[in-house]
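As a plain string of letters, each chain reads:
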Amino acid sequence: LAKTTQPISMDSYEGQEVNITCSHNNIATNDYITWYQQFPSQGPRFIIQGYKTKVTNEVASLFIPADRKSSTLSLPRVSLSDTAVYYCLVGAGGYQKVTFGIGTKLQVIP
Amino acid sequence: DTEVTQTPKHLVMGMTNKKSLKCEQHMGHRAMYWYKQKAKKPPELMFVYSYEKLSINESVPSRFSPECPNSSLLNLHLHALQPEDSALYLCASSQDFTSGGPISYNEQFFGPGTRLTVL
């Protein structure tokens, strides 16, 4: 399983764009990169997934360079409600076992 | 219905008690998961069921006994737990693809969890 490394914590002011980078140096050819968000005492919630280049949905963008050894989750104009832990996961389809890394605790400041 | 439900929400039990956690989904998912999450730590995978059969057991102590009576239900039976087993227990489900090739990782839908306290 590809191991992931993320910053333990980040602070951001409301309205700013936040970029959280995840390193996954031993990512396999079949692996996808997935990000989850977790609020205290709740289950994680899927945010976005990608394989290469850039993926965008209504809540975030995911940038993946050509070598795929890292990825960056971009949250545009964060609000206080975006305060949460963000997990980067790497895994392949048809393979159910994934490992959550330590996650990045994002604190949005008014 | 895109929801995973878990009951009870909170559970307090003694070390000699027997209790069960329940999880239910009606999304037609054929893979279901149990995770354990300690405070300020990431979720740790415990068990995975695929098509109602146990496919992954992450060396979990036998005092935790999973059961998948049908494709919508997942139970976790608890017996003779220790105080260090106190944690948030999360259930999740996903579609289950068994074909090979670089298909996307199956998004897991998580329930709200059961907060377990062992006295």
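Read on for an overview of the structure.

Conventions used here
Residues numbered from 1 in each chain as written. Chains lettered and ligands numbered in written order. Predicted model: local features only at pLDDT ≥ 70, side-chain atom pairs only at ≥ 80, totals over all residues. Heavy atoms only, no water. Salt bridge = Lys/Arg side-chain N within 4 Å of Asp/Glu carboxyl O. Helix = DSSP H or I, 4+ residues; strand = E, 2+ residues; numbered from the N terminus. Buried < 20%, exposed > 50% of the residue type's maximum accessible area, 1.4 Å probe, protein only. Contact = heavy atoms within 4.5 Å. Core = buried A, V, L, I, M, F, W, Y, C linked by side-chain atoms within 4.5 Å. Pairing = 2+ DSSP bridges. Axes fitted to C-alpha atoms, helices over the stretch in contact; angles between N-to-C directions. Disulfide = S-S within 2.5 Å.

Before going further, it helps to spend a moment on the pattern of salt bridges. Residues and elements named next belong to chain B. Tallied over the full model, the rule gives three salt bridges over all chains. A salt bridge links Glu-52 to Arg-30; the nearest nitrogen and oxygen atoms lie 2.5 Å apart. Placement of Glu-52 in the loop between strand S5 (44-50) and strand S6 (53-57) and of Arg-30 in the loop between strand S3 (18-25) and strand S4 (31-37) is noted, with a sequence separation of 22 residues between them. By relative accessible area, Arg-30 is classed as partly exposed at 30%. Among the salt bridges present, the one from Arg-63 reaches Asp-85, with a minimum N-O distance of 2.7 Å.

A word on the environment of A:Phe46. Along the chain, the position of A:Phe46 falls in strand S4 (residues 45-50). Considering only alpha carbons, one finds A:Phe46 and A:Gln6, 40 residues apart in sequence, at a separation of 17 Å. If we ignore the near neighbours within four places in the chain, the residues touching A:Phe46 are A:Thr34, A:Trp35, A:Tyr36 and B:Glu107.

Turning next to unusual backbone geometry. Residue and element names in this part refer to chain B. Cis geometry is found at the peptide bond from Thr-7 to Pro-8, where omega equals -5°. Within the chain, Tyr-51 stands out as a residue other than glycine whose phi angle is a positive 50°. Position of Tyr-51 relative to the elements: it lies in the loop between S5 and S6. One non-glycine residue, Ala-80, lies in the positive phi region at around 55°. Examined against the element boundaries, Ala-80 turns out to sit in the loop between strand S8 (73-79) and strand S9 (87-94).

One finds B:Trp34, B:Phe64, B:Leu76 and B:Leu78 to be the most contacted residues of the largest nonpolar core, which totals 23 residues. Those elements that place two or more of their residues in this core are strand S2 (10-13), S3, S4, S5, strand S7 (64-70), S8, S9 and strand S11 (114-118) of chain B. Once residues lying within four places of it in the same chain are set aside, the contact partners of B:Phe64 are B:Met46, B:Phe47, B:Leu76, B:His77, B:Leu78, B:Leu81, B:Asp85 and B:Tyr89. Counting residues in each nonpolar core, the second largest holds 20 residues, with A:Trp35, A:Ala60, A:Cys88 and A:Val90 among its members.

Once that is clear, we can look at the pairing of strand S3 (residues 31-38) of chain A. Residue and element names in this part refer to chain A. Counting buried positions along S3 yields eight of eight residues, so the element is predominantly enclosed. A two-sided burial pattern is seen for S3, the buried positions comprising Asp-31, Ile-33, Trp-35 and Gln-37 on one face and Tyr-32, Thr-34, Tyr-36 and Gln-38 on the other. Pairing analysis gives eight bridges linking S3 to strand S8 (residues 84-92), with the strands arranged antiparallel. Counterpart to Gln-38 in the pairing with S8 is Val-85. In sequence, S3 turns back onto S4 through a hairpin of six residues, with Ser-41 there showing a positive phi of about 60°.

The next subject is the sheet that holds strand S6 (residues 61-64) of chain A. Residues and elements named next belong to chain A. One open sheet accounts for four strands, arranged S2-S7-S6-S5; its pairing is antiparallel. Strands with a single pairing partner mark the edges of an open sheet, and in this sheet they are strand S2 (18-23) and strand S5 (53-56). Averaged over all pairs of adjacent strands, the angle between strand axes in this sheet comes to 15°, irrespective of strand direction. Sheet topology note: the S6/strand S7 (residues 70-75) ladder contains three bridges and is antiparallel. If you follow Ser-61 over to S7, its bridge partner there is Ser-74.

A separate point is the sheet that holds strand S1 (residues 9-13) of chain A. All names here are of chain A. Spatial ordering of the open sheet is given by S1-S9-S8-S3-S4, a layout of five strands whose pairing is mixed. Bordering the open sheet on either side are S1 and S4, each of which pairs with just one other strand. Averaged over all neighbouring strand pairs, the angle between strand axes comes to 25°, with direction disregarded. As judged from the three bridges shared by S8 and strand S9 (residues 104-109), these two strands associate in the antiparallel manner. Along S9, the bridge assignment pairs Ala-84 with Leu-106.

The next subject is the state of the cysteines. Counted according to the given criterion, the structure contains two disulfides over all chains. A sulfur-sulfur distance of 2.2 Å marks the disulfide that ties A:Cys22 to A:Cys88. One quick way to see it: the torsion about the S-S bond of A:Cys22 and A:Cys88 is about -80°, and its sign makes the bridge left-handed. Pair noted here: A:Cys22 is in strand S2 and A:Cys88 is in strand S8, with a separation of 66 residues, a long-range link. The disulfide partner of B:Cys23 is B:Cys91, and the gap between their sulfur atoms is 1.8 Å. Taking the sign of the torsion about the S-S bond as the criterion, the disulfide between B:Cys23 and B:Cys91, at about -70°, is left-handed. Linking B:Cys23 in strand S3 with B:Cys91 in strand S9, this pair joins segments that are 68 residues apart in sequence. Summary of cysteine pairing: B:Cys68 is not part of a disulfide, and the nearest cysteine sulfur, belonging to B:Cys23, is at 9.2 Å.

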